[in-house]
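Below, each chain spelled out in residue letters.
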Amino acid sequence: MKTPQTLDELMQRCRALAGFTLGQLAAELGHAVPVHLKQDKGWAGQLLEQALGATAGSKAEPDFPELGVELKTLPIDQHGKPLESTYVCVAPLTGINQQLWQDSWVCQKLSLVLWLPLLAERSIPVSDRVIGTGFLWQPDSKEQQLLQQDWEELMELIALGGIDQIRGAHGQVLQLRPKAANSRALTAAIGEAGQPVQALPRGFYLKTSFTQQLLRKAFG
DNA sequence: ATTTGATCATGT
DNA sequence: ACATGATCAAAT
């Protein structure tokens with residue numbers, strides 16, 4: 001699938017996918033559908049990336065570098081409520097002295113997002129899950145402010161060696177949670193006395209209450 | 001070992 | 001019922 005050259009082209013392709021099931025799309029692209037996503041958690045996201053012509057793969061780049069667009073699938077229930085928090089990016093745990101919000105990965109990744117809702121209740125077989133209507137989002141000033149506030153608070157805790165005090169509840173819209181192969185994985189971090197230590201890798205996630213607001217803004 | 005794509009599953 | 005903490009696979 002060739003990468004879209006313009007935003008309009010991307011949105012047209014996205015609209016063309018609405019209403020199809022994952023099974024139908026997988027068949028068109030020649031993919032087998034897993035029975036469940038337990039051992040294939042990123043399957044739907046990667047299928048949609050391919051369908052829309054994303055190029056980045058696992059590189060630390062936006063999905064559509066030329067357009068500056070990040071693609072995020074958003075699993076929802078039949079009432080349009082998000083089923084999961086949304087992973088944004090890994091959290092840097094060292095070498096983060098006085099980084100500015102505007103320069104952060106979180107800010108850059110969320111500057112322009114193509115949200116693609118997916119009716120994905122666990123009771124629905126993977127193959128029958130329905131692709132929804134994608135919509136483009138840029139944080140408004142209020143959203144930007146909430147994100148920046150949470151980010152600054154979390155990054156300060158990390159920089160001051162407070163990473164082990166941080167749990168998922170520590171933010172209004174943005175949270176820090178483990179992002180690792182398992183709970184024994186380790187990466188470099190800053191200890192309580194400012195010394196180098198090893199800690200569980202973390203990532204930034206958007207809370208479901210936040211993404212639900214985005215859906216409400218887009219669809220009422 | 002890290003970042004991408006996330007969802008699973010247990011505790012509250 | 002829900003969020004937090006835990007986990008899985010592919011690409012690099």
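Heads up: the structure comes first, above all this text.
Residue numbering note: each chain is counted from 1, following its sequence as written. Key to labels: chains lettered from A, ligands numbered from 1, both in the order written. Local features in this predicted model are restricted to residues of pLDDT 70 or higher, and side-chain atom pairs are both shown and tallied only at a pLDDT of 80 or more, whereas totals for entire chains, interfaces and linings draw on every residue. The basis for every side-chain value is the complete set of heavy atoms in the structure, and neither hydrogens nor water enter the calculation.

Caption draft 1: Geometry of the nonpolar core. Residues grouped as a nonpolar core are buried Ala, Val, Leu, Ile, Met, Phe, Trp, Tyr and Cys residues, joined through side-chain atoms within 4.5 Å. Exposure classes here rest on a 1.4 Å probe applied to the protein chains alone. A residue is buried below 20% of its type maximum, exposed above 50%, and partly exposed in between. Of all hydrophobic cores here, the largest spans 32 residues; its most connected members are Val-106, Trp-137, Leu-147, Leu-174 and Phe-204. Every helix listed is a DSSP run of H or I at least four residues long, and every strand listed is a run of E at least two residues long, numbered separately from the N terminus. At five residues, helix H5 (residues 141-159) tops the list of elements feeding residues into this core. Working rule for contacts: check all heavy atoms of both residues, and any pair within 4.5 Å makes them a contact. If we skip the residues at most four places from it in the chain, Leu-147 touches Trp-101, Leu-110, Trp-137, Pro-139, Val-173, Leu-174, Leu-206 and Phe-210. Residues Leu-29, Leu-48, Ala-51 and Leu-67 belong to the second largest nonpolar core, which totals 25 residues.

Caption draft 2: How the structure looks around the protein's contact with DNA strand C. Inspection of the region around DNA strand C gives 21 residues, with Lys-41, Gly-168, Gln-175, Arg-177 and Ser-183 positioned closest. Counting only the atoms of DNA strand C that lie within 4 Å of the protein, the sugar and phosphate share comes to 53%. Contacts to DNA strand C include Ala-180, whose backbone N or O atom sits 3.5 Å from a base oxygen. With three residues, the single largest contributor to the surface near DNA strand C is strand E6 (residues 174-178). Residues are grouped as follows: Ala, Val, Leu, Ile, Met, Phe, Trp, Tyr, Cys and Pro are nonpolar; Asp, Glu, Lys and Arg are charged; every other residue, Gly included, is polar. A breakdown of the residues in the surface near DNA strand C according to their chemical character gives six nonpolar, seven polar and eight charged. Residues are counted as near a molecule or strand when any one of their heavy atoms sits within 4 Å of it. For the purposes of these results, a polar contact is taken to be a pair of N or O atoms within 3.5 Å, where, inside protein, one atom must be able to donate a hydrogen and its partner to accept one; residues adjacent in sequence count only when each atom of the pair is a side-chain atom.

Caption draft 3: Representation of the sheet that holds E6 within the structure. Taken in spatial order, the three strands line up as E2-E9-E6 in an open sheet, and their pairing is antiparallel. Edge positions in the open sheet fall to strand E2 (86-90) and E6, since each of these has one partner strand only. Averaged over neighbouring strand pairs, the angle between their axes works out to 35° when direction is ignored. Bridge count between E6 and strand E9 (residues 202-206): five bridges; the pairing is antiparallel. Bridged to Arg-177 within E9 is Gly-203. Interaxial angles span 0 to 180 degrees and are taken between N-to-C directions of axes, which are lines fitted to C-alpha atoms, for helices over the stretch in contact. Docked against the sheet, H5 engages E6 and E9, running at close to 40° with respect to E6. When DSSP finds two or more bridges between two strands, those strands count as paired.

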